[in-house]
Amino acid sequence: MKSFFEYRDRWGHGLSLWLITGIAFLIPVMGWSLKCIRMDNEVTGWLPAEDPQAKILHWCQDLFPSQDRILVSWDDCSVTDSRLQKIAQRLHGIEKNGVREGGSPLIHNVSIPEDVLKRMLSEGIAFDVALDQIQGLLVGNGPLCLKLTDAARERTNTQRVSREISDLARSKFGIEVQLVERTLPEPSDKHLELEDEPAWLVYEASRDYVKNQTATDVQLSWPRMHIDHDVTNRFVTALSEMKVPDNPNETCIEKTWFVRGSMAAMTVSLSELGEVDQKSAIDTIFAAALAEGISSDELHMGGRPVAATSLNRAVIQAGWNKTAPAWNLYHRSPLLLSFAISLFLTYFMLKSLRLAILVQSVSVLCSFVAVAFVPATGGSMNMVLVVMPTLLMVITTSGAIHICNYWKTSNIDDAKKSVIHAARMAWWPCFLASGTTAIGLASLVVSSLIPVRDFGIYASIGCIISFLCVLYVLPSLMLYWPQRPPRPEHIDNHKWYRLGQFLFRSWGRTCLVNLALTGLCLWGMFYFRTETKVIRYFPDESQVMQD
């Protein structure tokens, strides 16, 4: 029976030529499909609609509809920081007689602590009580403030006490404290209008609050200090019992306290236009903060839009990260780095630049087709599906090397017949490998997580595409870039033969070692943990400045 590569059309052309021609015509179509790809990393949509937890979430959203808000803060942001009001005006503009002037159309509303305090003070609530009530909402505690005793000041200096405190925190509590100097700035009245009486009440109360603050000798900060309450309380207790280094009868710390309002934040709600283009909305917030002198290292943003945008950005950067240096492929493009390593290893194993180019061309084509298939079927990319191209490149490279090795060891002088022989020899092993892999990946369809389910569907389809590329596209390219296989005496397989003989003779020990490694890996699964967290988002600062 004739193989695929031996059939001819009525004009004498082989089917391989039509296959290559069809791929050449489809490449622009696939490129257009890739341009239409969209990112979807909305974590709340990972569960299917029929999932019980998803039903509860949708029920809650129907009963308590809310706009998506972005929480914005920076390292030294406080309740009296004038930059809060300035950024709010840049984003929302100014309302006069019910008409909004200025601001960004992407932003619907901005809330800062001053707005909440104005409403509370207008209802007759004292400033201290109002500040305490909004604690944890838009206002928080800052660093831990310490006041030294007179004995500590007389017998030692602040630097020595600070070193003792750092050693105590590190040795007994496992925390790395940092010495900071943070004070509440004087509130500004430049943005106030004469008729805005509640705003003047907040200004005067804030001014008195800042003036009445107790002077501190040392201020401490460390990660999770306001989250791990038990550790913080035990550390504060240990500080209160800390003795003067040269006088064990005298305590070192007179008083410890937190200043309410020394940390603050603002919330930004997006308009309908901002919901559609969340990345531009976040870039607008970043640009407003940058205009007020807040750098990307100091700025912190959180919220569902930030999480989704950060995940989308990470997916794009996996393919090409413009902010990383061009020479640093690890950060510039992990996909390009994996391709370069794969090309080098393929050349090293096959000892032929021609075969290495053909193998990698087919692997890239397979990934290209599989990814282009996603938007063509109405799908979207996500953090799980982004690993599919690399997986398919590995699978395709493995199958293509099978073809090349069968071709090299065919011992057939005719270039065409050697390729046909290699394709026939590799058909069944490649079919079994691709088929079992596709079945294994297709089993992920039973997952309740939509991204995992999509990965199983598209990756199993990609395995079928990989099988077709390896068994038909690669031999077709080999036929139209012909070369005779090397002579048997020119093939150096002694190292592989010795390895095979060693494994054959030591099959018992090999099985025991593999079982031991498998058991060790299974034991390590008990310590396996999963985490989905987006810490912060900031775009390329130079790009925002250009925009």
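Residues numbered from 1 in each chain as written. Predicted model: local features only at pLDDT ≥ 70, side-chain atom pairs only at ≥ 80, totals over all residues. Heavy atoms only, no water.

Participant: Where do I start with the overall build of the chain in this structure?
Facilitator: Summing up its helical and strand segments, the chain has 21 helices and 12 strands in all. A compact globule built from 547 residues would reach a C-alpha radius of gyration of about 24 Å, whereas the chain, at 33 Å, exceeds it by more than 25%. Along the three orthogonal principal directions, the C-alpha set of the chain runs to about 95 × 65 × 45 Å. Counting all 547 residues of the chain, 39% fall into the buried class. Taking the intrachain contacts of the chain between residues at least 6 apart in sequence as the baseline, contacts between residues at least 24 apart amount to 76%. A total accessible area of about 31700 Å² is found for the chain, and carbon and sulfur atoms account for 60% of it. Each charge class in the chain was averaged separately, 51 positive and 55 negative side chains, and the resulting centres sit 15 Å apart. (Helix = DSSP H or I, 4+ residues; strand = E, 2+ residues; numbered from the N terminus. Rg over C-alpha atoms; globule rule 2.2 N^0.38 Å. Buried < 20%, exposed > 50% of the residue type's maximum accessible area, 1.4 Å probe, protein only. Contact = heavy atoms within 4.5 Å. Areas by Shrake-Rupley, 256 points an atom, 1.4 Å probe, with all protein chains shown as cover. Lys, Arg positive; Asp, Glu negative; His and termini not counted. Charge placed at Lys NZ, Arg CZ, Asp CG, Glu CD.)

Participant: How should the side chain of Ser-367 be read in this particular structure?
Facilitator: Among the secondary structure elements, Ser-367 is positioned in helix H15 (residues 353–376). Engagement of the side chain of Ser-367 in a polar contact is seen with the backbone oxygen of Pro-389, the distance being 3.0 Å. (Polar contact = N/O pair within 3.5 Å; in protein donor to acceptor, adjacent residues only side chain to side chain.)

Participant: Help me understand the pairing of strand E12 (residues 299–302) in this model?
Facilitator: On a regular strand, one side chain projects to one face of the sheet and the next to the other, so that they alternate. Here E12 shows one buried face, formed by Leu-299 and Met-301, and one open face, formed by His-300 and Gly-302. In the sheet, strand E1 (residues 69–74) pairs with E12 via 4 bridges, with the strands oriented antiparallel. When the bridges of E12 are listed, Leu-71 appears paired with Gly-302. (Pairing = 2+ DSSP bridges.)

Participant: How should I be thinking about the side chain of Gln-85 in this particular structure?
Facilitator: The residue Gln-85 is located in helix H3 (residues 82–92) in this model. Owing to a relative accessible area of 17%, Gln-85 belongs among the buried residues under this scheme.

Participant: For this particular structure, what's the right way to read the confidence of the model for the chain?
Facilitator: Note: predicted coordinates in regions of low pLDDT should not be interpreted at a detailed level. Here the chain averages 84 in pLDDT, and 94% of its residues register 70 or above. Mean pLDDT across the elements of the chain bottoms out in helix H21 (residues 541–546) (41) and peaks in helix H20 (residues 507–524) (93). Ignoring residues within four places in sequence, the model shows residues 534–538, a span with pLDDT below 50, making 23 contacts including any to other chains. In the predicted structure, residues 541–547 sits below a pLDDT of 50 and forms 8 contacts with residues beyond four places in sequence or in another chain. (pLDDT = per-residue confidence, 0-100.)

Participant: I tried to follow the sheet that holds strand E7 (residues 218–221) on my own but got confused; where do I start?
Facilitator: The strands making up a sheet associate through backbone hydrogen bonding, with each pair oriented either parallel or antiparallel. Judged by pairing direction, the sheet is antiparallel, and its 4 strands sit side by side in the order E6-E7-E5-E10 without closing on themselves. Both outer strands of the open sheet, strand E6 (178–179) and strand E10 (253–264), are each paired with one neighbouring strand and no more. By the bridge criterion, 3 bridges tie strand E5 (residues 139–148) to E7 in an arrangement that is antiparallel. By the bridge assignment for E7, Leu-146 is matched with Val-218. On top of the sheet, helix H9 (residues 229–240) reaches E5, E7 and E10; it is set at about 145° to E10, its chief contact. (Axes fitted to C-alpha atoms, helices over the stretch in contact; angles between N-to-C directions.)

Participant: Teacher, can you tell me more about the nonpolar core here?
Facilitator: A general trend in soluble globular proteins is that nonpolar side chains are found buried together. Leu-385, Met-388, Ile-403, Leu-474 and Met-478 are the most contacted members of the largest nonpolar core, which has 45 residues in total. If you list the elements that add at least two residues to this core, you get helix H1 (15–35), H15, helix H16 (388–408), helix H17 (415–442) and helix H18 (450–480). Sort the elements by how many residues they give to this core and H18 lands first, with 13 residues. Look past the residues within four positions of Met-478 in its chain and what remains in contact with it is Arg-354, Leu-355, Leu-358, Ile-403, Trp-407 and Val-419. Ala-281, Ile-282, Ile-285 and Met-301 belong to the second largest nonpolar core, which has 27 residues in total. (Core = buried A, V, L, I, M, F, W, Y, C linked by side-chain atoms within 4.5 Å.)

Participant: Explain the packing of H17 against H18 to me, please; I cannot follow it from the model alone.
Facilitator: Angle between the axes and distance between the axes: these two values describe a pair of packed helices. Direction vectors running N to C along H17 and H18 enclose 175°, while the axes themselves pass 9 Å from each other. Here H18 runs roughly antiparallel to H17, going by the angle between their axes. Facing Lys-416, Val-419, Ala-423, Ala-426, Trp-427, Cys-430, Phe-431, Ser-434, Thr-437, Ala-438, Leu-441 and Ala-442 of H17, the residues of H18 in contact are Phe-455, Gly-456, Ala-459, Ser-460, Cys-463, Phe-467, Val-470, Leu-471, Tyr-472, Pro-475, Met-478 and Leu-479. Of the residues in the contact of H17 with H18, the class split is 19 nonpolar, 4 polar and 1 charged. (Parallel < 35°, antiparallel > 145°, perpendicular 65-115°, else oblique. Nonpolar A, V, L, I, M, F, W, Y, C, P; charged D, E, K, R; others polar.)

Participant: Is there a simple way to explain the sheet that holds E1 in this structure?
Facilitator: Taken in spatial order, the 4 strands make up an open sheet running E4-E11-E1-E12, and their pairing is antiparallel. Two strands in the sheet have a free side with no partner beyond their single neighbour: strand E4 (107–111) and E12. If you compare each strand with its neighbour and ignore which way they point, the axes differ by 25° on average. Each of E1, E4, strand E11 (266–270) and E12 is contacted by helix H11 (residues 278–291), which is oriented at about 150° to E12, the strand it contacts most.

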